[in-house]
Amino acid sequence: DLPFNSTSVSVLVANETTGAEKVNNGSFTTDTDWNKNSNWTISGGTANADGTSNADMNQADYLPAIGEVFRVSFEITVSTQGQVRIEYGDAATDFLSAVGKYEYILTAVSTDRVRIQCTGSFIGSVDNLSIKQIISASDQIQKREISADAFLPANGPYLPLSAGSTKKLTDTLYIQ
């Protein structure tokens, strides 16, 4: 249901088309495709920062056009100190330190490369980095559908009224 509407049976649906992946080896399966400063390594399927500096790890295989809108998703799998963020086209996610999965929609303001930046001498690991251009997007409000057999006898022909009492459905029930 839509927020703050207790009577709504509608749902907001994002309809989006994305382009090709803008990151090579975002799953860090091999120690390739990234320009790593001395504080970064790739091993065990993650990009790992050791906290010795705040230098970035980057790649320039795909450069965005100014104004390009893209979806960035990534995961922080380990975080001991400091913070990390993803930057592309000089648009950046928040600096984050909590372990978890993150997703952002950003707009490029330059043609700069993909960067994994850290601050506070980040010690931790990043995985599953994906950046895809959003080619088209629209939000739609759609009605929920209830299957035709929702009120058949096998599924319970009764609706609770209060305190466990029930009443048999005899008239047509309309839900909107």
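Structure: above.
Report follows, based on the coordinates. (Residues numbered from 1 in each chain as written. Predicted model: local features only at pLDDT ≥ 70, side-chain atom pairs only at ≥ 80, totals over all residues. Heavy atoms only, no water.)

Quick word on the overall build of the chain
Each helix and strand counted, the chain has zero helices and 11 strands in total. In the chain, the succession of helices and strands from N to C terminus is β-β-β-β-β-β-β-β-β-β-β. Expressed as a percentage of the 176 residues in the chain, the buried residues total 33%. Pairs at least 24 apart in sequence give 67% of the contacts found in the chain among residues at least 6 apart. Accessible area of the chain: about 10400 Å², with a carbon and sulfur share of 50%. (Helix = DSSP H or I, 4+ residues; strand = E, 2+ residues; numbered from the N terminus. Buried < 20%, exposed > 50% of the residue type's maximum accessible area, 1.4 Å probe, protein only. Contact = heavy atoms within 4.5 Å. Areas by Shrake-Rupley, 256 points an atom, 1.4 Å probe, with all protein chains shown as cover.)

Let's talk about the pattern of salt bridges
One pass over the full model with this rule turns up seven salt bridges. A salt bridge links K36 to D31; the shortest N-O distance between them is 2.7 Å. A residue is classified by how much of its surface remains accessible, and D31, at 47% relative accessible area, is partly exposed. Between R113 and D112 there is a salt bridge, with its nearest N and O atoms 3.9 Å apart. R113 sits in the partly exposed class, given a relative accessible area of 27%. The exposure class assigned to D112 is buried, which follows from its relative accessible area of 18%. (Salt bridge = Lys/Arg side-chain N within 4 Å of Asp/Glu carboxyl O.)

Thoughts on the nonpolar core
Among the nonpolar cores identified, the biggest contains 28 residues, and W34, W40, F74, I116, L129 and I131 are the most heavily contacted of them. Elements with a minimum of two residues in this core: β3 (40-43), β4 (46-50), β6 (69-88), β8 (100-107) and β9 (114-143). Sequence-distant contacts of L129, defined by excluding residues within four places in its chain, comprise E21, V23, G26, F28, W34, V72, S73, F74, I86, V114 and I116. (Core = buried A, V, L, I, M, F, W, Y, C linked by side-chain atoms within 4.5 Å.)

Points about unusual backbone geometry
Of note, N25 is a non-glycine position whose phi angle comes to about 60°, a positive value. Position of N25 relative to the elements: it lies in the loop between β1 (10-21) and β2 (35-36). By relative accessible area, which is 13% here, N25 ends up buried. Even without being a glycine, F28 presents a positive backbone phi close to 55°. Counting through the fold element by element, F28 comes out in the loop between β1 and β2. Accessibility expressed as a relative area gives 0% for F28, which makes it buried.

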